[in-house]
Amino acid sequence: MKLNKLALGTGLALGLMSAASAQTVLKLGYATSATSHYAVGSTVFCDDIEKGTQGRYKCQQFPNSALGGEREMIEAVQLGTLDLVNTSTGPVGNFVPEVKIVDIPFLFRDYDHARKVMDGPIGQDILTKFPSKGLVALAWTENGFRHMTNSKRPIVKPADASGLKMRTMENKVHMDGYKTFGIQPTPMAFPEVFGALQQGTVDGQENPIPVILASKFSQVQKHLSLTGHVYSPGLLITSPRLMNKLSDADKKVFYDAAQKAKVAQRKKVNEDENNGIAQLEKDGMTVVRKVDGQAFRDALVPAYASYSKEFGADNIRKIQEVR
């Protein structure tokens, strides 16, 4: 009897140890703060996979570029040293060239247009290009429409931006477009941006309202112009190495969780767009709400000629015609 009790106790202990060891903690990184739109989307994703796998998988989040800039985190996912990254598309085109087309300035009319493209056949087809590059894109998330800030002067038309040294993402498509405005693009990893603005190494930067808010750029930038010059999607990316370990049921949990993350992240972008501009004004920024959008589009004509050669005029037109 004692032997049976001992065997039963040993079995229970081993079972508990096995259950504990079966939990996998995944590292998920992003560049912005723990209160940002990326944090909101990432938290929904993490909560859903923990719930959907009954605790067998859970996340440890690393905000504020704790694991490096976006390019470094994507590389780490590709190498298998990081499990997940919630990133803007800024550096992604360096890994998956097909992504670059969505970074073209003034390609999207508004959020409704952009989201229909990303959720429709065009956006979903781009996601299929990732596995051959050693990456798996679980879903498009969102960063938002990008606007210009600087410490020198208000920007209403391209001539106002001419000569400004502006931090940009490490993205040739963006940089080629900005040069047509007379801007001196200065590619720089995101963790370096606040310090560079503070020290005057660059005059300005361009980012969506949620990033400008979360990064407290109002502390080091005087002028905000609502140029909306680029729609910046986001992506929740993992690796084939991780996905190949999952059962079909768990894969579905991950993909479903990524869709919920997308919805939550977009909702936070909407909230920040609706409320954040007034907050930035309270924080001391001067906001130009009405810019000369047509003048910016006209200035982009030379860049669009090169975009058409690189991506195909028909492919650009298909995106523009989505309704």
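First, a word on what this report is: a plain description of the structure on this page. Sequence positions are assigned chain by chain, starting from 1 and proceeding in written order. pLDDT decides what is reported in this predicted model: residues at 70 or higher carry local features, side-chain atom pairs at 80 or more are listed and counted, and totals for whole chains, interfaces and linings draw on all residues regardless. In computing side-chain properties, one takes all heavy atoms of the structure into account and sets aside hydrogens as well as water.

## Structural notes on the pairing of strand β5 (residues 165–168)
And then number 1: What makes two strands pair is DSSP finding at least two bridges between them. Strands are runs of DSSP state E lasting at least 2 residues, helices are runs of H or I lasting at least 4, and numbering of each runs from the N terminus. Pairing geometry for β5 and strand β6 (residues 184–187), over four bridges, is parallel. Within β6, the residue paired with lysine 165 across the bridge is glutamine 184.
And then number 2: Whether a crossover is right-handed comes down to one check: with the strands pointing away from the viewer, does the path from the first strand over the helix to the second run clockwise; if it does, it is right-handed. Once the chain exits β5 it traverses helix α7 (residues 172–179) before rejoining the sheet at β6, and the crossover so formed is right-handed.

## Side note on unusual backbone geometry
And then number 1: Of note in this structure, asparagine 64 is not a glycine but carries a positive phi near 55 degrees.
And then number 2: On the secondary structure map, asparagine 64 appears in the loop between β2 (57–62) and α3 (70–79).
And then number 3: The residue serine 65 is not glycine, and still its phi comes out positive at about 55 degrees.
And then number 4: Relative to the assigned elements, serine 65 resides in the loop between β2 and α3.

## Here's the deal with helix α11 (residues 248–282)
At 3.6 residues per turn, the α-helix brings residues three or four places apart onto the same side.
And then number 1: To estimate the expected span of a helix, count its residues, drop one, and scale the result by 1.5 Å. Taking 1.5 Å of rise per residue, the 35 residues of α11 would be expected to cover 51 Å, and the 50 Å separating its terminal C-alpha atoms lies within 8% of that figure.
And then number 2: In this analysis the local bend is the angle between axes fitted, respectively, to the seven residues ending at and the seven residues starting at the residue. Glycine 276 marks where α11 bends most, by close to 45 degrees.
And then number 3: Downstream of α11 by a residue or two, glycine 284 has a phi angle that is positive, lying close to 110 degrees.

## A few points about the packing of aromatic side chains
The geometry of an aromatic ring pair is captured by two quantities: the separation of the ring centres and the angle between the planes.
And then number 1: Pairs were defined over the aromatic rings of Phe, Tyr and Trp, the Trp ring being its six-membered one, requiring ring centres within 6.5 Å. Orientation was assigned from the angle between planes: stacked under 30 degrees, edge-to-face over 60, tilted for the rest. Tallied over the entire structure, the rule returns 13 aromatic pairs.
And then number 2: On the basis of an interplanar angle of 85 degrees and a centroid distance of 6.1 Å, the ring pair of tyrosine 111 and tyrosine 231 is categorised as edge-to-face. Placement of tyrosine 111 in helix α4 (residues 111–119) and of tyrosine 231 in strand β8 (residues 223–238) is noted, with a sequence separation of 120 residues between them. Taken as a pair, tyrosine 111 and tyrosine 231 share a single burial class, namely buried.
And then number 3: Ring plane angle 55 degrees and centroid distance 5.2 Å describe the contact between phenylalanine 145 and tyrosine 231, whose orientation is recorded as tilted. One end of the pair, phenylalanine 145, is in strand β4 (residues 136–150); the other, tyrosine 231, is in strand β8, and 86 residues separate them in sequence.
And then number 4: Each residue in the set Phe106, Tyr178, Phe181 and Phe296 is aromatic and connected to the rest through ring pairs, giving one cluster. Summary of the burial criterion: residues with accessible area below 20% of their type's maximum are buried, those above 50% are exposed, and those between are partly exposed, where the area comes from a 1.4 Å probe applied to protein chains only.

## Overview of the packing of helix α2 (residues 37–52) against α11
Any two packed helices are characterised by how steeply their axes cross, that is the angle between the axes, and by the distance between the axes.
And then number 1: Angles here are taken between N-to-C directions and fall from 0 to 180 degrees, while the axes themselves are lines fitted to C-alpha atoms, restricted in helices to the stretch in contact. Viewed as axis vectors pointing N to C, α2 and α11 meet at an angle of 150 degrees, and their least axial separation amounts to 8 Å. Accordingly, the angle class assigned to the pair α2 and α11 is roughly antiparallel. Like other packed secondary-structure pairs, α2 and α11 cross with a definite hand, here right-handed. Of α11, the residues touching α2 (which contributes His37, Tyr38, Val40, Gly41, Ser42, Val44, Phe45, Asp48, Ile49 and Gly52) are Val253, Phe254, Ala257, Ala258, Lys260, Ala261, Ala264, Gln265, Lys268 and Val269.
And then number 2: Considering only residue class, the contact of α2 with α11 consists of 12 nonpolar, five polar and three charged. What sets the label is the angle itself: under 35 degrees gives roughly parallel, over 145 gives roughly antiparallel, 65 to 115 gives roughly perpendicular, and the rest give oblique. Crossing handedness follows the turn of the near helix against the far one: under a right angle anticlockwise gives a left-handed crossing, and clockwise gives a right-handed one. In this analysis, two residues are considered to be in contact whenever any of their non-hydrogen atoms come within 4.5 Å of each other. Under the convention adopted here, Pro, Cys and the residues Ala, Val, Leu, Ile, Met, Phe, Trp and Tyr are nonpolar, Asp, Glu, Lys and Arg are charged, and Gly plus all remaining residues are polar.

## As for the environment of glutamate 271
And then number 1: Relative to the assigned elements, glutamate 271 resides in helix α11.
And then number 2: Note: C-alpha distance between glutamate 271 and histidine 37 (234 residues apart in sequence) is 9.6 Å.
And then number 3: Within polar-contact distance, the side chain of glutamate 271 engages the side chain of lysine 267 at 2.8 Å. Any pair of nitrogen or oxygen atoms within 3.5 Å is treated as a polar contact; in protein, a donor-acceptor pairing is required on top of that, and neighbouring residues in sequence qualify only through side-chain atoms on both sides.

## A closer look at the pattern of salt bridges
And then number 1: One speaks of a salt bridge when a side-chain nitrogen belonging to Lys or Arg is within 4 Å of a carboxyl oxygen belonging to Asp or Glu. Inspection of the entire model under this criterion finds 20 salt bridges.
And then number 2: Close ionic contact of aspartate 48 with lysine 260 constitutes a salt bridge, the shortest N to O distance being 3.0 Å. Linking aspartate 48 in helix α2 with lysine 260 in helix α11, this pair joins segments that are 212 residues apart in sequence.
And then number 3: Exposure remark for aspartate 48: the relative accessible area of 23% places this residue in the partly exposed category.
And then number 4: With a shortest N-O distance of 3.3 Å, lysine 268 and aspartate 272 are connected by a salt bridge. With a gap of four residues between them, lysine 268 and aspartate 272 both fall in helix α11, about one helical turn apart.
And then number 5: A relative accessible area of 10% places aspartate 272 in the buried class.
And then number 6: When salt bridges that share partners are traced, they join Arg71, Glu72, Glu75 and Glu170 into one network.

## Here we look at the nonpolar core
And then number 1: The term nonpolar core refers to a set of buried residues drawn from Ala, Val, Leu, Ile, Met, Phe, Trp, Tyr and Cys, joined through side-chain atoms within 4.5 Å. In terms of nonpolar packing, the biggest core is built from 50 residues, with Ile104, Phe108, Phe130 and Phe181 touching the most fellow members.
And then number 2: Phenylalanine 130 has contacts with Val92, Val96, Val99, Leu135, Val136, Ala137, Leu235 and Ile237, leaving out every residue within four places of it along the chain.
And then number 3: Counting residues in hydrophobic clusters, the runner-up holds 23 residues, among them Leu26, Leu28, Tyr30 and Ala261.

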